[in-house]
Amino acid sequence: MSYRIHEISRVVRELQHPKSRAEEIRDELMPDVDLDESQLELFAQYVTALEGIGVNLQDERLRDTINAYPDNMEAAIQAVLKYAQILKQKHQDFQDQYHVTNCLAKALREGWKPH
């Protein structure tokens, strides 16, 4: 079995400096999202909750919106999660993953705040 030196080097680097959860999310789920480290760490806190309500993190329009409106990200995410909670209390749900994903994109664009 042969190994390439760059593969060995990459594995050694990863063992010496493991990736943060935010870096893993960027690399695995959203490689084309251009957030700084603090924004990425913030986003990483909400990934499980967003996936839990059905947000499609692979959606290209959502990624473009995140890149364009990163400053309101936490408030917009909290607003959508709150909206999902209200729907659940009313025994309702988002229509589908496109609905919830588009809702998050709209919240980012329009600067939604949680109530």
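Residues numbered from 1 in each chain as written. Predicted model: local features only at pLDDT ≥ 70, side-chain atom pairs only at ≥ 80, totals over all residues. Heavy atoms only, no water.

What follows deals with the side chain of Thr 101. Considering the arrangement of structural elements, one finds Thr 101 in helix 6 (residues 97-110). On the basis of relative accessibility, which here comes to 2%, the residue Thr 101 falls in the buried class. Non-local contacts of Thr 101, meaning those with residues more than four positions away in its chain, are made with Gly 54, Val 55, Asn 56, Asp 59 and Leu 62. (Helix = DSSP H or I, 4+ residues; strand = E, 2+ residues; numbered from the N terminus. Buried < 20%, exposed > 50% of the residue type's maximum accessible area, 1.4 Å probe, protein only. Contact = heavy atoms within 4.5 Å.)

With that settled, the discussion passes to the side chain of Asn 72. Relative to the elements of secondary structure, Asn 72 occurs in the loop between helix 4 (60-68) and helix 5 (73-89). Separated by 3.5 Å, the side chain of Asn 72 and the backbone oxygen of Ala 107 make a polar contact. Excluding anything up to four places from it in sequence, Asn 72 contacts Ala 107, Leu 108, Gly 111, Trp 112 and Lys 113. (Polar contact = N/O pair within 3.5 Å; in protein donor to acceptor, adjacent residues only side chain to side chain.)

What follows is about the pattern of salt bridges. Per the counting criterion, the structure on display carries one salt bridge. In this structure, the salt-bridge partner of Glu 110 is Lys 106, at a minimum N-O distance of 4.0 Å. Of the two residues, Glu 110 and Lys 106 are both situated in helix 6; the distance of four residues between them amounts to about one turn of the helix. (Salt bridge = Lys/Arg side-chain N within 4 Å of Asp/Glu carboxyl O.)

Another point: a negative patch on the surface. A surface patch of like charges, here negative, comprises Asp 34, Asp 36, Glu 37 and Glu 41. If you trace the backbone, Glu 37 turns up in helix 3 (residues 37-52). Judged by its relative accessible area of 38%, Glu 37 falls in the partly exposed class. (Patch = residues over 30% accessible without salt bridge, like charges linked within 9 Å, V, L, I, M, F, W, Y side chains within 5 Å. Areas by Shrake-Rupley, 256 points an atom, 1.4 Å probe, with all protein chains shown as cover. Lys, Arg positive; Asp, Glu negative; His and termini not counted. Charge placed at Lys NZ, Arg CZ, Asp CG, Glu CD.)

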